[in-house]
Amino acid sequence: MHLYEGAELFRCDHLLPDTETLSYVSGQLIKTACYDSRCYQPISVFQPDAINAAATMHRSLSEASNLPDRLAFHTSPALLFFLVVISCATPAYAQISPGPLAKAHQSLSGVLSCTKCHDMGAGGVKFKCLDCHTEIRDRLAQNRGMHAVWVGTKGTSKDCVQCHSDHNGADFPLVRWQPNREAMDHRQTGFPLTGGHAGLRCEQCHNAREILPAARTGIQVKDLNHTYLGLTSSCIGCHQDEHRGQVGTNCAQCHTTNAWKPASQFNHATAKYPLTGAHSTVACAKCHITVADAKPYIKYTGISFASCSDCHTDPHKGSFKGTCQSCHTTSSWRRVAQLEGFDHAKTAYPLLGKHSTVACSDCHNKGDFKTPIAFAKCMDCHTDYHGGQFVARAVGADCAVCHTVNGFKPSTFGVKEHAASMYPLEGRHAEVKCDACHIPKGKNTEFHITQTQCSSCHQDIHKGQFAATPYRSRCEECHSVAEFRPAHFTLARHQQTGFPLTGAHLAVPCAQCHQEQPRDSVVPVKFKFEDRACTACHNDPHSGQFRQQMAAKRVDGRAAGCEASSGRNSAGSTMRRPSFLCSARIER
């Protein structure tokens, strides 16, 4: 099937509404011929211009290849004779070909080459694009590249002709960029252009120089400067390995596309030699020297670091038998952790936990080891981190009650210790994490909490329905710390409300009256009812026949409602009570 913008070649009255196809020449929607062979009776001999007769699909080739059979079957002898005469006067190629092939397919020109691209078998014309373009076929199967994004892994040759139109002339481009090549969304190729890649011209990456030898096999385009295949998504596919294979080929472990320097993704803490203390401030070039070469590079591997002497000279010139780290740390050379041969465990204050890493000079000022040092309480050396919040406790502000020498965090103060405080943790409260109540604010973290009402931590789920006396928003009146549901509000408690439950009301489930409200309601469940008349919950089974009696006022001023009885009300009118008046059924 072909699209023509010139005069019609065939007459067709079977065009369907969905047979409009976009012409890649004019950009306009034009009608396409249907597949009914009865519609292909020629009405004129027409040789379209190679460009204006743009074809995006190739059914005409199969129709043309069967032209003698179709003419013999559908035409009268006179018409057949006329067509034979015309065919003698017009080149055969012009009568059966929809137009000359593109430059890339020139080797396939000629009637005898039609079947190399088209399958003329039963069931209509089929295309054989992927039989030749195996590099595209393989990428579809592997779900790689832009073609796989557009047509999926099950794409066929029929999908090819939706975008690539041939028979439009030797100079007609088989690849059409819409709106242009530079504006294409490169994310659809599976390799988004970010950082420094975003400003590159297409030719800077898509050229023969960047295509690795292994990727050249199978690419149909002879001039590799005009193909978009063959590139690899790895950095070394386009960039030279600046590290000469020292650290592998995954450049993204250390670098980003925004800039080569600095290596923002590199973290020395994950290397074989993490930098601690003063080492973290040493310039990289101090350890990683530049190696002289045709193109100099920096040495990152093969550096000795097993002992301090690999980098540092011994200032003691062999006076101490122990290792450097026996007395020193990376924090500072002059801050000696412990003197060689001195066992602090034999003193009145053994150095345990974090204390064992403290430099001697932190406690022994100016190397004075003779002056006694106070150590009975933590406060002798440490300031009160909590700002006096625990001074009033029976045990005082001793840090050891909650902390150990192994570390300030985590605290040893748990649920058991909390039971001795002013607010024991019971029920579900025992499961709550400390920082849920004691919001971390460093030294300003508040541990001495005075507001212990439920509303201090919990939102009022009832939206103020119990704010008034006698409840005053005290959750504990109906709930416990064990579980919020079910509430322990009993029938006996209900008798103390403004609506005591009597008669059949005693058997009604709570949720029958206190129903969950729609999401846009003010309260999630309604507990407070302004209208407590029978008709607020029950339908009137009498259809208003006793409206007058029900509206009569009682002595207390309330409407008699369904409980209207015989006798005179406060207004002096006589009321009679039907025996079935209170049989109204709850409908809600």
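Residues numbered from 1 in each chain as written. Predicted model: local features only at pLDDT ≥ 70, side-chain atom pairs only at ≥ 80, totals over all residues. Heavy atoms only, no water.

## A short note on the overall build of the protein chain
For the protein chain, the count of helices and strands is 18 helices and eight strands. Across the 588 residues in the protein chain, those meeting the buried criterion constitute 21%. When contacts within the protein chain are restricted to residue pairs at least 6 apart in sequence, those whose partners lie at least 24 apart make up 47%. For the protein chain, the accessible surface area stands at approximately 41,000 Å², while carbon and sulfur atoms represent 57% of it. (Helix = DSSP H or I, 4+ residues; strand = E, 2+ residues; numbered from the N terminus. Buried < 20%, exposed > 50% of the residue type's maximum accessible area, 1.4 Å probe, protein only. Contact = heavy atoms within 4.5 Å. Areas by Shrake-Rupley, 256 points an atom, 1.4 Å probe, with all protein chains shown as cover.)

## Observations regarding the side chain of His-386
Inspection of the secondary structure puts His-386 in the loop between α12 (360-363) and α13 (415-418). Apart from the residues lying within four places of it in its own chain, the contact partners of His-386 are His-403, Phe-408 and Phe-447.

## Comments concerning the packing of aromatic side chains
Applying the stated criterion to the full structure yields seven aromatic pairs. Ring geometry for Phe-466 against Tyr-471: centres 5.4 Å apart, planes inclined by 85 degrees, an arrangement best described as edge-to-face. For Phe-466, a relative accessible area of 22% corresponds to the partly exposed category. Residue classification places Tyr-471 among the buried residues on the basis of a relative accessible area of 15%. An angle of 50 degrees between the planes, with centres 5.6 Å apart, marks the rings of Phe-466 and Phe-527 as tilted. Here the residue Phe-466 occupies a position in the loop between α15 (454-457) and α16 (491-494), and Phe-527 occupies one in the loop between α17 (510-513) and α18 (547-551), the gap between them amounting to 61 residues. Among the aromatic residues, those joined into a cluster by ring pairs are Phe-466, Tyr-471 and Phe-527. (Phe/Tyr/Trp six-rings, centres within 6.5 Å; stacked < 30°, edge-to-face > 60°.)

## Quick word on the pattern of salt bridges
Summed over the entire model, instances satisfying the criterion amount to 11 salt bridges. For Arg-137, the salt bridge is made with Asp-138, and the minimal N-O distance between the two is 3.8 Å. By relative accessible area, which is 39% here, Arg-137 ends up partly exposed. Between Glu-477 and Arg-474 there is a salt bridge, with the nearest N and O atoms lying 3.3 Å from each other. (Salt bridge = Lys/Arg side-chain N within 4 Å of Asp/Glu carboxyl O.)

## Digging into a nonpolar patch on the surface
On the surface, a nonpolar cluster with roughly 280 Å² of combined accessible area is contributed by Val-149, Trp-150 and Val-151. Looking at the element boundaries, Val-151 is found in helix α7 (residues 145-151). (Patch = residues over 30% accessible without salt bridge, like charges linked within 9 Å, V, L, I, M, F, W, Y side chains within 5 Å.)

## Remarks on the side chain of His-462
Inspection of the secondary structure assignment puts His-462 in the loop between α15 and α16. Here His-462 falls in the buried class, since its relative accessible area comes to 16%. With near-sequence residues (within four places) excluded, His-462 lies in contact with His-479, Phe-484, Val-523 and Phe-527.

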